[in-house]
Amino acid sequence: MKTVSLKWLAVVLPTFSSWVVSSAMTMTTTTNPNNNRVAVVTGASRGIGRGIAVELGKAGYTVYALARSTRSKPGLLGDQRAVADGLDLTVESVAEAVTAAGGIGRGMYVDMSQDESIEGAFERIAEETGGRLDVVVCSAFTTPLQEKLRGDFWNQSMNMWDVCNGVGLRSTYATCRVAAPIMIETANKQNDERKRPPLLCCISSFGGKSYTFNVAYGVGKAGVDRMAQDMGYQLKKYGVATTVLYPGLVKTEANLQMVVDGTWDEASGNLDLSTGETPEFTGKAIVALANLGVDDMMDRSGNVEVVAELAKELQFTEEDGSVPPSIRSLKYLLPNFVFPAIEKESGKPVPGWIKNNIPDYLVPWSTFSSGPPPEADTR
């Protein structure tokens, strides 16, 4: 593998001194219909973004993995949550993982809080790919570590708003703004016989529909949802599709470490992380959407899509063959919220025959959005 250090780039290519480019293999000709397709994933060094990047690699994409964590600067950044010791969650390691999965991984150091860093990244990507960009996934997100995520807005600092919506909302807009012209150009040059439109994907959460954690978090997620919808309206005539994805409860490296540290129950409201989704599950959803033909994808452009619900529709599963329930399914809501509230009030357990026979019924969005589940913010 050839690795170019930041120090060398700073001397030879000062314009691009914020980059780390890692490639573990050269382009080869295969029969894979994705072998020439290019994807960009932000927030790709860890969590959901990393899972997405690896799954796109498995599907044969060249994946540009954008993040701040590099081997040249080991250790946690100031706003990063703790993970297990020994994990290499860097742009270099995710590029290697993408390549090992069957794609071509290219890791880039990019600070998503800095417009010029984002703009420079996409200029370089367009230059390297000849102006091709098939999939962009905005997954970068962070929350302040200095205060609890759950809380009343009048007791939280303005830092909660700035951190959640600086990277989570503003950088998503900044990324889409610079990616859109390249994706429009890609759509204009489309020679794929299957006519799959370029796809701009924003990772959001159920917090965009129903109260979750705090006010700043929910407003940011709702903003991402609306942004993708309105961008879809403007991009449709140019043949570029947009989508919003809602993962469920995800077993990220940081969430798993919270279980080990004993802080998960308080932070999550006693949710059972063992039944959650893997980060790769969201990646499978994006691969499936990106494989849709132009008519099918453009018809649903701008929509909010739930990863677990897409799994049933587009026929993909976790690696073990399972499909976790959607957060708005009774199979998720009853065990995690309703049954605990009943047991707490009655002092008696819910009978097993009830727990084992919950229908996979999706609560309508109008009902789901009416408020938080019972005791969701106080247990």
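**Quick notes on the packing of helix 2 (residues 47-58) against helix 3 (residues 91-101)**
What describes two packed helices is the angle between their axes and the distance between those same axes. Where helix 2 contacts helix 3, the axes come no closer than 7 Å and their chain directions differ by 30 degrees. Taken together, the axis directions place helix 2 and helix 3 in an arrangement best described as roughly parallel. Between helix 2 and helix 3 lies a crossing of right-handed hand. Only Ser93, Val94, Ala97, Val98 and Ala101 of helix 3 make contact with helix 2, whose side of the interface consists of Arg50, Ala53, Val54, Gly57 and Lys58.

**Considering the pattern of salt bridges**
Counted by the stated rule, this structure contains 19 salt bridges. Across the pair Arg37 and Asp134 runs a salt bridge whose closest N-O atoms are separated by 3.7 Å. Residue Arg37 is found in the loop between strand 2 (22-23) and strand 3 (38-42), and its partner Asp134 is found in the loop between helix 4 (115-129) and strand 6 (135-138); the two are separated by 97 residues along the sequence. For Arg37, a relative accessible area of 1% translates into the label buried. As a salt-bridge pair, Glu305 and Arg300 come within 2.8 Å of each other at their nearest N and O atoms.

**Points about helix 6 (residues 215-235)**
In this model, helix 6 (21 residues) spans 30 Å end to end at C-alpha, consistent with the 30 Å of a helix rising 1.5 Å per residue. Here helix 6 has its buried residues at Ala216, Tyr217, Gly218, Gly220, Lys221, Val224, Asp225, Met227, Ala228, Met231, Gly232 and Leu235. Those residues of helix 6 that are buried lie in contact with helix 5 (158-188), strand 7 (199-203), strand 8 (241-246) and strand 9 (304-306). Where helix 6 starts, the residue carrying a side-chain oxygen 3.0 Å from the main-chain nitrogen of Ala216 turns out to be Asn214.

**A closer look at the environment of Glu277**
Its place among the elements puts Glu277 in the loop between helix 8 (264-268) and helix 9 (279-290). In this structure Glu277 comes out as buried when scored by relative accessible area, which is 2%. Each C-alpha atom of the pair Glu277 and Val323 lies 8.5 Å from the other, and the pair is 46 residues apart in sequence. The residues contacting Glu277, other than those within four sequence positions of it, are Pro247, Gly248, Leu249, Val250, Lys251, Thr282, Val307, Ala308, Glu318 and Pro324. In terms of polar contacts, Glu277 uses its side chain to reach the backbone amide nitrogen of Gly248, at 3.0 Å.

**Some points on the confidence of the model for the protein**
Mean pLDDT over the protein stands at 87; residues scoring 70 or higher make up 87%. Contacts of residues 1-30 to residues separated by more than four positions or lying in other chains number 64 contacts, the stretch itself having pLDDT below 50.

**Here's the deal with the nonpolar core**
The nonpolar side chains of a soluble globular protein tend to be buried, and buried together. Counting residues in each nonpolar core, the largest one holds 48 residues, and the members touching the most others are Val40, Leu66, Phe122, Leu133 and Val136. Aside from chain neighbours lying at most four places away, what touches Leu66 is Val40, Val41, Thr42, Gly43, Ala44, Val91, Met108, Val110, Ala121, Phe122 and Ile125. Membership of the second largest hydrophobic core comes to 35 residues, among which are Val137, Val250, Ala290 and Phe316.

**Overview of the pairing of strand 5 (residues 104-109)**
Of all six residues that make up strand 5, five are buried, and the element is covered over most of its length. Looking at chain direction, strand 4 (residues 62-67) and strand 5 are connected through six bridges and run parallel. Residue pairing for strand 5: Val63 is matched across the bridge by Gly105.

Conventions adopted
- Residues numbered from 1 in each chain as written.
- Predicted model: local features only at pLDDT ≥ 70, side-chain atom pairs only at ≥ 80, totals over all residues.
- Heavy atoms only, no water.
- Axes fitted to C-alpha atoms, helices over the stretch in contact; angles between N-to-C directions.
- Helix = DSSP H or I, 4+ residues; strand = E, 2+ residues; numbered from the N terminus.
- Parallel < 35°, antiparallel > 145°, perpendicular 65-115°, else oblique.
- Left-handed = near helix turned anticlockwise from the far one by under 90°.
- Contact = heavy atoms within 4.5 Å.
- Salt bridge = Lys/Arg side-chain N within 4 Å of Asp/Glu carboxyl O.
- Buried < 20%, exposed > 50% of the residue type's maximum accessible area, 1.4 Å probe, protein only.
- Expected span 1.5 Å × (residues − 1).
- Polar contact = N/O pair within 3.5 Å; in protein donor to acceptor, adjacent residues only side chain to side chain.
- pLDDT = per-residue confidence, 0-100.
- Core = buried A, V, L, I, M, F, W, Y, C linked by side-chain atoms within 4.5 Å.
- Pairing = 2+ DSSP bridges.

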